[in-house]
Each structure stands twice: as C-alpha cells, then as structure tokens.
Amino acid sequence: MRGAVRSRWLVILLALASGIAFAMSVQGGRWWVIGDAEVGPFGAKRCFDDGCVPTGLNWLGVDERWMRIGMGAWAGGLLSAFMLVVLAAGLAAKRIPRLVAKTVLVSIGTAVITGGMFAARFPRDEFPTSELGRGVFAFVAAIVLGVAAAVLVLRTKRPA
C-alpha cells in the first residue's frame with residue numbers, strides 16, 4: 001500500500017511540473033532571442049533603456065499563418081497545463097483519472113504539432129543571429145513529463 005501512495009505522489013509531481021513548464025514556456029518563455037528582443041508564440045517583447053514593451057510578431061516580417069500557428073501553440077500549451085492540473089487533482093483525490101489522462105495525451109499532441117510547426121517555420125534566414133531561448137527547452141521538458149504522467153496513469157491497474 002505504501003508503494004502505491006508513493007508512486008501516486010510521484011505522478012502528481014510529474015503532472016504539476018509539466019503543467020508549470022507548459023505555462024511558463026508559452027506564456028512567459030522566450031523561444032528565440034534576437035538582439036534585445038524576445039520572441040515567443042504569444043508575441044514578442046522588445047527591451048529598451050526605459051523598460052520592456054510587448055509587441056506583436058509583425059515586425060519579424062512573417063505571414064499571418066505563422067502567427068496563427070503561434071497562437072495555436074500558445075493555446076495548446078495552456079490547455080495542456082490545465083488538463084495536467086486536472087490530472088493531478090484526480091490523483092490527489094485517490095482516483096484513477098483515465099479519461100483525463102487520455103485527454104492530456106490529446107492536448108499534448110496538439111501542442112506538439114502546433115509548437116513544432118511554429119518552431120520549424122521561424123524565419124531563421126532573416127535573423128541569423130537569433131538564439132534559442134528558455135521557452136523551447138521548457139516546452140520540450142513539459143512534453144516529456146506530461147506524457148510520462150499520462151502514461152503512468154493509463155498503466156495503473158484497476159482496483160479489484
């Protein structure tokens with residue numbers, strides 16, 4: 001009985017860590033750094049002497065489709081974060097939330113597709129000095145942790 005409780009709390013920790021990483025990667029994480037500007041799926045932020053100013057993605061010279069894909073990555077990441085918190089809550093209530101775990105996998109799959117398309121279509125030719133930011137690494141870590149938490153829930157045996 002003690003091992004089941006310990007593993008349940010481990011899965012709760014995985015789910016919450018993944019949810020936090022998703023939220024930080026799409027909401028506050030920069031995916032690329034271009035000089036004094038930070039670019040993420042929700043928009044960009046340019047920093048000057050008097051502070052940082054949020055801007056859109058138009059100044060990058062990208063098309064509307066890429067910006068919509070960025071919004072899809074943002075929404076997919078936040079939806080995955082929400083579903084991972086619901087998964088952790090179900091586990092904390094000593095339930096086996098299989099349907100929520102399946103929904104987590106679907107939401108993470110959506111985030112992977114849109115996030116991958118957003119990263120692949122970044123205009124690297126126009127910005128050769130751009131560097132990867134912390135948001136990409138948090139996004140990848142969130143995917144790994146979230147999938148692990150959902151799979152562990154789905155592999156849990158039903159009580160007899």
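The text that follows walks through the structure, step by step, so that each part is easy to find. Every value quoted in this text rests on a predicted model; they were computed, and no experiment measured them. (Residues numbered from 1 in each chain as written. Predicted model: local features only at pLDDT ≥ 70, side-chain atom pairs only at ≥ 80, totals over all residues. Heavy atoms only, no water.)

1. Remarks on the overall build of the protein
Here comes step 1: When you go through the protein residue by residue, the secondary structure sums to four helices and five strands.
Here comes step 2: Seen in sequence order, the protein has helices and strands lined up from the N terminus as α-β-β-β-β-α-α-β-α.
Here comes step 3: The buried share among the 160 residues of the protein stands at 41%.
Here comes step 4: Total accessible area computed for the protein in this model is approximately 9100 Å², and 66% of it derives from carbon and sulfur atoms. (Helix = DSSP H or I, 4+ residues; strand = E, 2+ residues; numbered from the N terminus. Buried < 20%, exposed > 50% of the residue type's maximum accessible area, 1.4 Å probe, protein only. Areas by Shrake-Rupley, 256 points an atom, 1.4 Å probe, with all protein chains shown as cover.)

2. Re unusual backbone geometry
Here comes step 1: Of note, K94 is a non-glycine position whose phi angle comes to about 60 degrees, a positive value.
Here comes step 2: Residue placement: K94 occurs in the loop between α2 (64-92) and α3 (98-120).
Here comes step 3: On the accessibility criterion, K94 (65% relative accessible area) is exposed.

3. Some thoughts on the packing of aromatic side chains
Here comes step 1: Overall, the coordinates contain eight aromatic pairs when judged by the stated rule.
Here comes step 2: Geometrically, the ring pair formed by W32 and W66 is tilted, given 6.5 Å between the ring centres and 40 degrees between the ring planes. Of this pair, W32 sits in strand β1 (residues 32-34) while W66 sits in helix α2, placing them 34 residues apart in sequence. One exposure class covers both W32 and W66, and it is buried.
Here comes step 3: Relative to W74, the ring of F42 lies with its centre 4.7 Å away and its plane at 35 degrees, an arrangement referred to as tilted. Here F42, found in the loop between β2 (37-39) and β3 (44-48), pairs with W74, found in helix α2; they are 32 residues apart in sequence, far enough to count as distant.
Here comes step 4: Through a chain of ring-to-ring contacts, three or more aromatic side chains come together here, namely F22, W31, W32, W66, F118 and F139. (Phe/Tyr/Trp six-rings, centres within 6.5 Å; stacked < 30°, edge-to-face > 60°.)

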